[in-house]
Every structure is written in C-alpha cells, then in structure tokens.
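A structural walkthrough
Listed below, chain by chain, are the residues.
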Amino acid sequence: GPAMRDLAEISVEDLFKEGDIAVADMLDLRTQTFRRSARRKELEKFMHAWPATSSGAPKLSSDEDKVRFGTAMWILGRVREGAEVLSSVKEHAAGAYFWARTQIELNRPNDAAEALRPLATRNKKSEPVRLSYVEALMALGQSDTLSEAVAAVVADFPESADALAFKGMLQDLEGDHEGALDLLKQLLLVLGEWH
C-alpha cells in the first residue's frame, strides 16, 4: 500500500489534535500502548493534563472532545468509562465506531452490530469499520447477514488477512471444516509473504 506516516514518531497530543481523529491512527495507537510502556505513559500523561470543570470532571465541551476523550479511555483499556462518554456521540462517525468497539469488548455484539451497520454501508472503503461489523455479527452467530457481510468484505479487501480469517471462521461455523482448513493454509501463505 501507500507509504504510511510513522505514527510512533507523532506525539499523542498531536494525534488527538487533528480535527477529525482518524480511526486507523487510533487503532495503531492502541497497539502501541499495549507494546510500549513509554507510549502508554505518554497517553496517560495527556489524559491527566486534560482540562477539568470546577467539579473536577473532565471538561468535554464539544462532540470532538467527547470522541477524543472516550477513545483515549478505550485505548487505555478503561472500556466502560470510554463507552459511557462515547455513547453520547454515536451520530459522529468516529464516535460511533469506537463506541461499537467498546460494545464488542463488553460482550454486547447486538448493540455493536446495530451501530456498525449504517457505518459499514456508508464507509465501504474503511477496512476497520467493515471488519468490526463482521466481528460483531460473528459474535451473534451464524446468519444470512453474516454470510453476506463476510463475502462482501473478502471481495472488497482480498489482501486482508483478517477478512480471510473471518471467512475461515464462517466456513467452520457452517460445517465446511475442509474449506476452513484450506483457507487457513492460504492465510498462512499470505502472512508469510508479509513478514
């Protein structure tokens, strides 16, 4: 794909300053905070410095603030608190996406799928949104909707290891264990070429 900017070089503060926080950047940041304690400390420091109201609660004066604050909470693994903040900005695309991520982690796939369905329709080119929708449907179990969503995501993102993995899980759910195994072999080849 195109050369990605190296997010590790960008400060947490700058990542959150951008007008509309980018879903892919935030997902990357979450991976970084799990792998690097320095990155996690930087995010915690950023959250600690967040302006507060007179009662000491975080000052969240705009929807953008709520999206940023709730997403940062989610990144730090404070999923319930993040969900609470994000629940008020579900009409905001990034807000809806990260709220749905919290719902998947809180084991509420139904709510997640409901929030992600319109997002997946509107953001056909967003791999994270499309994959999260499939993930929520997968957690709900086998359905025609799941089969359609998996077929569509594999067609639109043929290079995506995650999309292929979901296809394998679906084949397994449907009882096509041989197909699932073949797909797993294909997946290992794809991953082998990447690393």
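Here the structure is a predicted model, which is why all the values come from computation and not from measurement. Sequence order sets the numbering: in each chain, residues are counted from 1 along the sequence as written. With the structure being a predicted model, the display of local features is reserved for residues of pLDDT at least 70 and the display and counting of side-chain atom pairs for 80 or more, all residues being used for whole-chain, interface and lining totals. Excluded from the side-chain calculations are hydrogens and water; all other atoms, namely the structure's heavy atoms, are used.

This part takes up the overall build of the protein. Only DSSP runs of H or I with at least four residues qualify as helices, and only runs of E with at least two residues qualify as strands; both kinds are numbered from the N terminus onward. The number of helices and strands found in the protein is eleven helices and zero strands. Secondary structure elements in the protein, listed N-terminal to C-terminal, are α-α-α-α-α-α-α-α-α-α-α. C-alpha atoms define the radius of gyration in this analysis, and the globule rule sets the expected value at 2.2 Å times the number of residues to the power 0.38. Compactness check: the protein gives a C-alpha radius of gyration of 18 Å against a globular reference of 16 Å for 195 residues, within 12% of the reference. Along the longest, intermediate and shortest principal axes, the C-alpha atoms of the protein span 60 × 35 × 25 Å. Counting over 195 residues, the protein shows a buried share of 43%. Here, two residues are considered to be in contact whenever any of their heavy atoms come within 4.5 Å of each other. Restricting the contact set of the protein to residue pairs at least 6 apart, pairs at least 24 apart contribute 47%. Split by element, the accessible area of the protein, about 10,900 Å² in all, is 52% carbon and sulfur. When charges are counted, Lys and Arg are positive and Asp and Glu negative, with His and the chain ends excluded. Lys charges are placed at NZ, Arg charges at CZ, Asp charges at CG and Glu charges at CD. Charge centroids of the protein, computed over 24 positive and 32 negative side chains, lie 6 Å from each other. For every residue, the accessible area obtained with a 1.4 Å probe (protein chains only) is divided by the maximum for its type, and the residue is called buried under 20%, exposed over 50%, and partly exposed between those limits. We get accessible surface area from the Shrake-Rupley algorithm with a probe of 1.4 Å; when it comes to residues, only the shown protein chains can shield them.

A word on the side chain of Arg130. Note that Arg130 resides in helix 8 (residues 127-140). Leave out the neighbours within four places in its chain, and Arg130 touches Ala120, Asn123, Lys124, Ala152, Val153, Asp156 and Phe157.

What follows deals with a negative patch on the surface. The patches reported here contain residues having more than 30% relative accessible area and no salt bridge. Joining distances are 9 Å for like charges and 5 Å for nonpolar side chains (Val, Leu, Ile, Met, Phe, Trp, Tyr). Every case where a carboxyl oxygen of Asp or Glu lies within 4 Å of a side-chain nitrogen of Lys or Arg is listed as a salt bridge. A surface patch of negative charge is lined by Asp172, Glu174, Asp176, Glu178 and Asp182. By the element assignment, Glu174 lies in the loop between helix 10 (161-173) and helix 11 (177-194).

Evaluation of the coordinates by the stated rule reveals nine salt bridges. The residue Glu105 makes a salt bridge to Arg30 at a minimum N-O spacing of 2.9 Å. With Glu105 in helix 6 (residues 93-105) and Arg30 in helix 2 (residues 23-35), the pair connects residues that are 75 residues apart, well separated along the chain. A salt bridge links Arg40 to Glu44; the nearest nitrogen and oxygen atoms lie 3.2 Å apart. Placement of the pair is Arg40 and Glu44 together in helix 3 (residues 37-48), with a separation of four residues, close to one helical turn. Using a relative accessible area of 36% as the deciding quantity, one classes Glu44 as partly exposed. Put simply, Glu13, Asp14 and Lys17 are held in one network by salt bridges that share partners.

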